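# A closer look at the structure
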Amino acid sequence: MNRGDPKPETPPSPPDRIEADLDDFDEMEVIGSGGNADVTKVSYRGEGPDVVALKQPRMQGTMDTDSMSRFMEEAETWDKIDDHEHIVGVLNWDSEPLPWIALEYMDGGSLEDRLGEMSVAEALWVGVCICRAVRHAHRRGIAHLDLKPENVLFQKTEGNDWNYPKVADWGLSKMLLEHSKSIEGLSPQYAAPEQFDAETYGK
């Protein structure tokens, strides 16, 4: 344990891109499920990290064109902002043979698992990290619009008491910024009031 400053002195090294096909991943366990997609912990057989997180839309028979387009837009939007130290990194994505997004694997669980257990100092630090990630995205013209504890993930850091927080799941951001009439997947208890403004988002 670090007996000095409990937070990491430097951010974990950002993940490198990987050259992968869907066949290069072997399922290990489902680690997340929400909206219309599931996230699975998978082993990767190519050059790069041994373990990654694989996000795929939840398939019910065939997948319609609109759903596939929204999923691919999530990958493109996320890729524009993942150069920030507090945003989960995108490793690669594709639409063949089925849509998928490979993400860096976060091994420290979510903020939802830690509610009520963190010290005031750690909670304040995590809050600042989240704000930095959101500000970075806003400067790129992107709003998350679904911030909640389960979408803040942690990466374990060797020699430090506190783990490193990163914001995940940018699936609703671009869709709502473009004034889509759909708010499928929205978490009302964590939504900003303006998301319910019909004049802004109902056009």
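Predicted model only: the values in this text are computed from it and were never measured.

Conventions adopted
Once a new chain begins, its residue numbering starts again from 1 and follows that chain's sequence as written. Only residues with pLDDT of at least 70 get local features here, since the model is predicted, and only at 80 or more are side-chain atom pairs given and counted; chain-wide, interface and lining totals rely on the full set of residues. Side-chain measures here rest on the full set of heavy atoms in the structure, leaving out hydrogens and waters. Salt bridges, as used here, are contacts in which a Lys or Arg side-chain nitrogen is within 4 Å of a carboxyl oxygen on Asp or Glu. Counting from the N terminus, the helices are the DSSP runs of H or I reaching at least four residues and the strands are the DSSP runs of E reaching at least two. Relative accessibility under 20% of the residue-type maximum defines a buried residue, over 50% an exposed one, and the middle range a partly exposed one, all with a 1.4 Å probe and only protein chains included. Should DSSP find at least two bridges between two strands, the strands are taken to pair. Any two rings among Phe, Tyr and Trp, with Trp reduced to its six-membered ring, count as a pair given centres within 6.5 Å; such a pair is stacked if its planes are under 30 degrees apart, edge-to-face if over 60, and tilted if neither. Think of it as a cone above the ring: NZ of Lys or CZ of Arg counts as a charge over the ring if it is within 6 Å of the ring centre and within 35 degrees of the ring normal. To qualify as a nonpolar core, a set must consist of buried Ala, Val, Leu, Ile, Met, Phe, Trp, Tyr and Cys residues joined through side-chain atoms within 4.5 Å. Any two residues whose heavy atoms approach within 4.5 Å are treated as being in contact. Helix span, expected: 1.5 Å multiplied by one less than the number of residues in the helix. Every axis in this analysis is a line fitted to C-alpha atoms, fitted for helices over the stretch in contact. Angles between the N-to-C directions lie between 0 and 180 degrees.

What follows concerns the pattern of salt bridges. According to the stated counting rule, one finds ten salt bridges in the structure shown. One salt bridge in this structure joins Lys55 and Glu74, with 2.7 Å as the shortest N-O distance. One end of the pair, Lys55, is in strand β3 (residues 51-57); the other, Glu74, is in helix α1 (residues 65-81), with 19 residues separating them in the sequence. The class for Glu74 is buried, based on a relative accessible area of 5%. Put simply, Lys55, Glu74 and Asp169 are held in one network by salt bridges that share partners.

The next thing to look at is the pairing of β3. Across the seven residues of β3, five count as buried, placing the element largely inside the fold. The pairing of strand β2 (residues 37-44) with β3 spans seven bridges and is classified as antiparallel. Directly across from Thr40, in β3, lies its bridge partner Leu54. For β3 and strand β5 (residues 100-104), the ladder comprises four bridges, and the chain directions are antiparallel. Note that in β5 the partner of Lys55 across the bridge is Ile101.

To continue, consider the packing of aromatic side chains. Summed over all chains, the structure comprises four aromatic pairs. An angle of 35° between the planes, with centres 5.5 Å apart, marks the rings of Phe25 and Tyr44 as tilted. Residue Phe25 is located in strand β1 (residues 25-34), and its partner Tyr44 is located in strand β2; the two are separated by 19 residues in the primary sequence. Pair check on accessibility: Phe25 and Tyr44 agree, each one buried. In textbook terms, an aromatic cluster arises when at least three aromatic residues are bridged by ring pairs, as seen for Phe25, Tyr44 and Trp100. Of note, Arg114 hangs over the ring of Phe154, and the distance from its end group to the ring centre comes to 3.9 Å.

For the rest of this paragraph, the subject is the nonpolar core. Trp78, Leu103, Ile130 and Trp170 are the most contacted members of the largest nonpolar core, which has 29 residues in total. At seven residues, helix α2 (residues 120-139) tops the list of elements feeding residues into this core. If you look at the next biggest cluster of nonpolar residues, it comprises eleven residues, including Phe25, Val52, Leu54 and Ala102.

This part is about the environment of Phe154. As for its position among the elements, Phe154 is in strand β6 (residues 152-155). Note on Phe154: relative accessible area 0%, which makes it buried. With 44 residues separating them along the chain, Phe154 and Ser110 place their C-alpha atoms 5.9 Å apart. Once you skip the residues sitting within four places of it in the chain, Phe154 turns out to touch Met106, Asp107, Gly108, Gly109, Ser110, Leu111, Arg114, Val126, Asn163, Tyr164 and Pro165.

With that out of the way, let us pick up α2. If you check α2, its first and last C-alpha atoms are 29 Å apart, about what 20 residues at 1.5 Å a residue would give, namely 28 Å. Considered for burial, the residues of α2 that qualify are Glu122, Trp125, Val126, Cys129, Ile130, Ala133, Val134, His136 and Ala137. One or two residues past the end of α2 sits Gly141, with phi positive at roughly 80°.

Turning next to the environment of Val39. Its location among the elements puts Val39 in strand β2. With 15 residues separating them in the primary sequence, Val39 and Leu54 have C-alpha atoms 5.4 Å apart. In contact with Val39, other than residues within four places in its own chain, are Val30, Ile31, Gly32, Ala53, Leu54 and Lys55.

Strand order across the open sheet formed by five strands is β1-β2-β3-β5-β4, with antiparallel pairing between neighbours. At either end of the open sheet lies a strand with only one pairing partner, and these are β1 and β4 (90-94). Strand-to-strand twist of the sheet, defined as the mean angle between neighbouring strand axes without regard to direction, takes the value 25°. The strands that α1 touches are β2, β3, β4 and β5; relative to β4, the one it contacts most, it runs at about 150°.

Another point: unusual backbone geometry. Here the residue pair Glu96 and Pro97 is connected by a cis peptide bond, since its omega of -10° sits within 30 degrees of zero. Residue placement: Pro97 occurs in the loop between β4 and β5. Of note, Leu145 is a non-glycine position whose phi angle comes to about 70°, a positive value. The topology assignment puts Leu145 in the loop between α2 and β6.

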